[in-house]
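If you want the building blocks of each chain, they are given just below.
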Amino acid sequence: MKIYEYQAKEIFSNSGIPIPQGRLVTKQENIKGELSKLSFSKYVLKAQTYTGGRGKAGLVVKARDEKRTLKEAQKLFKRVDKILIEEQVDIKEELYAGFTIDKSRAEHRLIFSCSGGIEIEKLSRDHPEKIITKEIDIFTGLLPHQLREILVDLNFDKKIKNSIYRTIQSLYEIFIRYDATLCEINPLAITDDGEVVAVDAKIIFDDDALFRHKDILKLRIPEDEEPLEREAKDKNLSYVKLAGDIGCIVNGAGLAMATMDVIKHFGGSPANFLDIGGAAKSVQVEDSLSIINRDPDTKSIFINIFGGIVRCDEVAKGIVRAKNKLNIDKPMVIRLIGTNDKKAYEILKKEGLSPYKNMSQAAKAAVSGL
Ligand code: GDP
Ligand code: MN
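Since the model is a prediction, treat every value here as computed from it, not as a measurement.

A. Structural detail: the sheet that holds strand E12 (residues 246-250). Pairing is mixed in the open sheet, where five strands are placed in the order E11-E13-E12-E14-E15. Each edge of the open sheet is held by one strand with a lone partner, namely strand E11 (238-241) and strand E15 (332-338). Strand-to-strand twist of the sheet, defined as the mean angle between neighbouring strand axes without regard to direction, takes the value 10°. The sheet contact formed by E12 and strand E13 (residues 270-275) spans five bridges and is parallel. What sits directly across from Ile-249, in E13, is Leu-274. Each of E11, E12, E13, strand E14 (300-307) and E15 is contacted by helix H10 (residues 282-294), which is oriented at about 165° to E12, the strand it contacts most.

This is the structure:
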């Protein structure tokens, strides 16, 4: 689960990480009135989005006085509903500090760089030598010497080094306490006055651990989420939007990956993935088809189900019901195999649908049928 910068900054602030002074302003509010409550010498307006790279997209704007801030806010409100208005910080240096999970090594990882401000993906591509990473053993946790190793070579005075140390340590505590998959400060700024300030804040939480973080779940703003994603979440289906044009319904994460690979292999590109899960009934299949069918990027539908606990006849019933109820006119390729598949084939054939058994043949048909 993602949260907005202003929400992440509140968590930062509660953990003692210094953040700039600021105020969230929404479209519905009286911007002028809200602005008059702030008395900053200069401002920065930050559109609140769940995606990064706002600086480049013109969604982070500096303004030197209240009047200009008002003007810029009105412009930004044409694109977003929430803006964080902050006191502009005089930045001398931009650092990067972040924690992630290295799944392949079953370790946590601290990433640090003195060249912050740009996206870490870009930095690691163009200047990998400027990135320091520390593997964190999950049993010992982040060790003080690992932070000292990073700080020892930095050209800052002791007070600044102490602040960086405390900030990274607090960031790690947040990362652990909330079961985050990413905690990132980019840039972590050193100001002209020698203060250390988190100018940006990003936290992504592990969805599978949210059940034990009720306070984090409260930060979810359903009306700001993508409507189809929200609907899927509410129905306990996992839906992932992608860039292509073949809508995919699968069961299980492994089959989702395999389906993507085989579609790519035959030259196609998935528009999305909807995983109905390992124990789905016909109603989940019907809901899935309804969601996929409303994705405007879906030009054809590929249903790839391996019947285990999920019974193929249930899947077939769901497909038939959805097809008749929703008047789906997009080409549909069905590949079903496993528990009760014979029954499923009968149900589908009665409706004039001919399912595939072989995954490659089905994928080929899904790709060429466009
Ligand atoms: P992102 O592009 O979505 O990661 O948004 P950021 O919050 O990181 O802002 C983008 C860039 O704007 C930062 O890397 C800074 O260089 C700049 N920026 C943001 N806030 C301030 C500020 O208060 N003062 C100064 N000087 N620059 C800022
Ligand atoms: Mn940033």
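After that view of the structure, there is still more to cover.
B. Examining the coordination of the manganese ion (ligand 2) more closely. Donor atoms from the polypeptide that coordinate the manganese ion (ligand 2) comprise Asn-186 (O) and Asp-200 (OD), at 2.1 to 2.2 Å from the metal. Separated by 14 residues along the polypeptide, Asn-186 in strand E8 (residues 180-191) and Asp-200 in the loop between strand E9 (196-198) and strand E10 (202-205) bring together distant segments of the chain. According to the relative accessible area criterion, Asn-186 is buried, its value standing at 9%. Residue Asp-200 is classed as buried on the basis of its relative accessible area, which comes to 19%.

C. Spatial organisation of the sheet that holds strand E1 (residues 22-26). Here four strands make up an open sheet; going across it, the order is E1-E4-E2-E3 and the pairing antiparallel. Looking at the sheet topology across the chains shown, the edges are occupied by E1 and strand E3 (60-63). For this sheet the average axis-to-axis angle between neighbouring strands, irrespective of direction, equals 20°. Examined bridge by bridge, strand E2 (residues 43-47) and E3 share four bridges and lie antiparallel to one another.

D. Structural detail: the nonpolar core. Counting residues in each nonpolar core, the largest one holds 39 residues, and the members touching the most others are Phe-12, Phe-99, Ile-164, Ile-203 and Phe-205. Every element with two or more residues in this core is listed here: helix H1 (5-14), strand E5 (91-102), strand E6 (107-113), helix H5 (144-152), helix H6 (158-177), E8, E9 and E10. It is H6 that provides the largest number of residues to this core, a total of eight residues. For Phe-12, the residues in contact, after removing those within four places along its chain, are Ile-17, Ile-19, Leu-171, Ile-174, Glu-184, Ile-185, Ala-198, Asp-200, Ala-201, Lys-202 and Ile-203.

E. Looking closely at the pairing of E14. Most of E14 is tucked away: seven of the eight residues are buried. Where E12 lies against E14, five bridges are found, and the strand directions are parallel. Bridge assignment links Val-250 to a residue of E14, and that residue is Asn-304. The pairing of E14 with E15 spans seven bridges and is classified as parallel. Counterpart to Ile-301 in the pairing with E15 is Met-332. The β-α-β motif built from E14, the intervening helix H11 (residues 312-326) and the parallel element E15 has right-handed crossover chirality.

F. Focus on the site of ligand 1. In the vicinity of ligand 1 there are 17 residues, among which Lys-46, Arg-54, Gly-55, Val-89 and Glu-94 approach most closely. Taking Gly-55, its main chain carries an N or O atom lying 2.8 Å from an oxygen atom of ligand 1. In this structure, an oxygen atom belonging to ligand 1 sits 3.1 Å away from a main-chain N or O atom of Asn-186. Taking a 2 Å distance to the grid points as the criterion, the majority of the atoms of ligand 1 fall inside the second largest pocket. Contributions of two or more residues to the shell around ligand 1 are made by E2, E3, E5 and E8.

G. Here's a closer look at the side chain of Glu-5. Looking at where Glu-5 falls in the secondary structure, it is placed in helix H1. Owing to a relative accessible area of 3%, Glu-5 belongs among the buried residues under this scheme. Of note is the side chain of Glu-5, whose polar atom sits 2.7 Å from the side chain of Lys-46. For Glu-5, the side chain forms a polar contact with the side chain of Gln-48, separated by 3.0 Å.

H. Region of the structure containing a positive patch on the surface. A contiguous patch of positive charge, built from Arg-64, Lys-67, Arg-68 and Lys-71, is present on the exposed surface. One can find Lys-67 in helix H3 (residues 66-76). Relative accessible area serves as the criterion here: at 70%, Lys-67 is assigned to the exposed category.

I. Here's a closer look at the layout of surface pockets. Quantified by volume, the largest pocket comes out at close to 1300 Å³. As for the largest pocket, its lining consists of 33 residues, of which Asp-207, Lys-233, Ser-238, Tyr-239 and Val-240 are closest to the centre. Listed by contribution, the elements that provide at least two residues to the lining of the largest pocket are E10, helix H8 (227-234), E11, helix H9 (253-265) and E13. Per-class residue counts for the lining of the largest pocket are 18 nonpolar, two polar and 13 charged. For the second largest pocket, the calculated volume is near 1000 Å³. Of all elements in the fold, only E2, E3, strand E4 (82-87), E5, helix H4 (120-126), E8 and E10 reach the threshold of two or more residues within the lining of the second largest pocket. Grouping the constituent residues of the lining of the second largest pocket by class yields 18 nonpolar, 10 polar and 15 charged.

Basis of the calculations
Along each chain, residue indices are assigned from 1 in the same order as the chain's sequence is written. Working convention: letters from A go to chains and numbers from 1 go to ligands, in the order in which they are written. For a predicted model such as this one, the threshold for reporting local features is a pLDDT of at least 70, and the threshold for listing and counting side-chain atom pairs is 80 or more; totals across whole chains, interfaces and linings nevertheless cover every residue. Excluding hydrogens and water, the side-chain figures rest on all heavy atoms present in the structure. At least two DSSP bridges between two strands are needed for those strands to be called paired. Where helices and strands are cited, they refer to DSSP runs of H or I of at least four residues and of E of at least two residues respectively, numbered from the N terminus. Here the axes come from fitting lines to C-alpha atoms, over the contacting stretch only for helices, and the angles between their N-to-C directions go from 0 to 180 degrees. The criterion used for residue contact is that any of the two residues' heavy atoms lie within 4.5 Å. Listed donor atoms are N, O and S within 2.8 Å of the metal (Na, K and Ca: 3.2 Å). As water is not included, a site may look incomplete. Only protein chains enter the area calculation, which uses a 1.4 Å probe; residues under 20% of their type maximum are buried, those over 50% are exposed, and those in between are partly exposed. Among buried residues, the Ala, Val, Leu, Ile, Met, Phe, Trp, Tyr and Cys ones that are joined through side-chain atoms within 4.5 Å form a nonpolar core. A right-handed crossover is one whose linking path, passing over the helix from the first strand to the second, runs clockwise when the strands point away from the viewer. Note on definitions. A residue lies near a molecule or strand when any single heavy atom of the residue is within 4 Å of it. Here a polar contact means two N or O atoms within 3.5 Å. Within protein one must be a hydrogen donor candidate and the other an acceptor candidate, and residues neighboring in sequence count only if both atoms are side-chain atoms. Every definition here rests on a 1 Å grid over the protein atoms only: cavities are sets of points where a 1.4 Å probe fits but cannot get out, pockets are open sets enclosed by protein on both sides within 12 Å along at least five of seven lines, and lining residues have some atom within 4 Å of a point. Whether a molecule sits in a cavity or pocket is decided by its atoms, more than half of which must lie within 2 Å of the grid points. Within this analysis, patches are made of residues with over 30% relative accessible area and no salt bridge. Like charges are joined at 9 Å or less; nonpolar side chains (Val, Leu, Ile, Met, Phe, Trp, Tyr) at 5 Å or less. For every accessible area listed, the method is Shrake-Rupley and the probe measures 1.4 Å; residues are considered covered only by the protein chains on display. The term salt bridge refers to a side-chain nitrogen of Lys or Arg lying within 4 Å of a carboxyl oxygen of Asp or Glu. The charged-residue count follows a simple rule in which Lys and Arg add positive charge and Asp and Glu add negative charge, with His and chain termini not counted at all. Every charge is mapped onto a representative atom, which is NZ of Lys, CZ of Arg, CG of Asp or CD of Glu. Grid points are joined across faces, edges and corners, and a volume is the space filled by probe spheres set on the points. Classification used: nonpolar for Ala, Val, Leu, Ile, Met, Phe, Trp, Tyr, Cys and Pro, charged for Asp, Glu, Lys and Arg, polar for all others including Gly.

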